[in-house]
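Residue strings, one per chain:
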Amino acid sequence: MTVAVILAAKGNDVTTTQPHRTLQEIAAILAERGIGAVIVTGGDGEVLGILSERDIVRAIGRNGVGVMQDAVSKHMTTKVVTASMEDAIDHVMEQMTAGRFRHLPVVHNGRLSGVVSIGDVVKHRLELIESEHRALREYIATA
Ligand code: AMP
């Protein structure tokens, strides 16, 4: 199973922002949309970084609530790990575990084409287990 299967179910919507926006603005977007991270893009749509709720909490913890007026560029992660449509979901899980992050932007043909979160991966796993159980129950019932 690949990343493409998850995106086929959840769609290609990505919440992006620009580096000059403030943490306050991003916190409002995260709260309003019920998401945990935004992808920071440049003028040509290129990925410049990622800013998650954890970055905001970390910045507040270190420097106080005044950081909410800081620019996103000051607190985002710039070395972003991305996935491709062909990546296996197991591989994505390994990357999230090893890198200790919960979001993976998906790049397809050089363009940002979606985001896979740990929640998407867990949901997909549960559906897979459920369908295997169902198949086993049917097999036993008809044997
Ligand atoms: P998260 O678990 O996604 O809330 O992010 C935890 C930390 O990892 C934050 O500092 C994020 O900026 C960073 N991060 C999240 N996703 C990625 C990614 N795909 N590549 C690199 N860093 C990431």
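Structure: see above.
Numbers given to residues run from 1 along each chain, matching the order in which its sequence is written. Local features in this predicted model are restricted to residues whose pLDDT is 70 or higher, and side-chain atom pairs enter the listing and the counts only when it is 80 or higher, whereas totals over whole chains, interfaces and linings include all residues. Derived side-chain values reflect all non-hydrogen atoms in the structure, with water molecules and hydrogen atoms excluded from consideration.

## Observations regarding helix H6 (residues 118–142)
- For the purposes of this entry, the term helix denotes a DSSP run of H or I that reaches at least four residues, the term strand denotes a run of E that reaches at least two, and both are numbered from the N terminus. Helix span, as expected, comes to 1.5 Å for every residue beyond the first. Across its 25 residues, H6 extends 36 Å between first and last C-alpha, which sits within 8% of the 36 Å expected from 1.5 Å per residue.
- Partly exposed residues are those whose accessible area sits between 20% and 50% of the maximum for their type, while under 20% is buried and over 50% is exposed, using a 1.4 Å probe and protein chains only. Where H6 is concerned, the buried positions are Asp120, Val121 and His124.

## Focus on the pattern of salt bridges
- Between Lys or Arg on one side and Asp or Glu on the other, a salt bridge is scored when a side-chain nitrogen of the former is within 4 Å of a carboxyl oxygen of the latter. Per the counting criterion, the structure on display carries 8 salt bridges.
- A salt bridge links Glu25 to Arg21, with the shortest nitrogen-to-oxygen separation between them at 3.5 Å.

## Re the site of the ligand
- Near, as used in this document, describes a residue that has one of its heavy atoms within 4 Å of the molecule or strand being considered. Neighbouring residues of the ligand: 15 residues in total, closest Ser52, Asp55, Thr77, Arg102 and His103.
- Here a polar contact is recorded for every N or O atom pair within 3.5 Å, except that within protein the pair must consist of a potential hydrogen donor and a potential acceptor, and residues adjacent in sequence are included only if both atoms are side-chain atoms. Interatomic distance of 2.6 Å between a side-chain N/O atom of Thr77 and an oxygen atom of the ligand.
- Within the side chain of His103, one N or O atom sits 2.6 Å away from an oxygen atom of the ligand.

## Some words on the packing of helix H2 (residues 23–33) against helix H3 (residues 53–63)
- In this description, a line fitted to the C-alpha atoms serves as the axis of each element, helices being fitted only across the stretch in contact, and the angle between N-to-C directions of two axes falls anywhere from 0 to 180 degrees. At a minimum axis distance of 10 Å, the contact between H2 and H3 shows a crossing angle of 135°. Compared by their axis directions, H2 and H3 come out oblique. Seen along the crossing, H2 lies across H3 with a hand that is left-handed. Along the contact surface, H2 presents Leu23, Ile26, Ala27 and Leu30, while H3 presents Glu53, Ile56 and Ala59.
- The residue inventory of the contact of H2 with H3, partitioned by class, reads 6 nonpolar, no polar and 1 charged. In this scheme, roughly parallel covers angles under 35 degrees and roughly antiparallel covers those over 145, while 65 to 115 is roughly perpendicular and the rest are oblique. If you view the pair so one helix is near and one far, a crossing is left-handed when the near helix is turned anticlockwise from the far one by less than a right angle, and right-handed when it is turned clockwise. Whether two residues are in contact is decided by their heavy atoms: any pair within 4.5 Å suffices. Classes in brief: Ala, Val, Leu, Ile, Met, Phe, Trp, Tyr, Cys and Pro nonpolar; Asp, Glu, Lys and Arg charged; the others, Gly included, polar.

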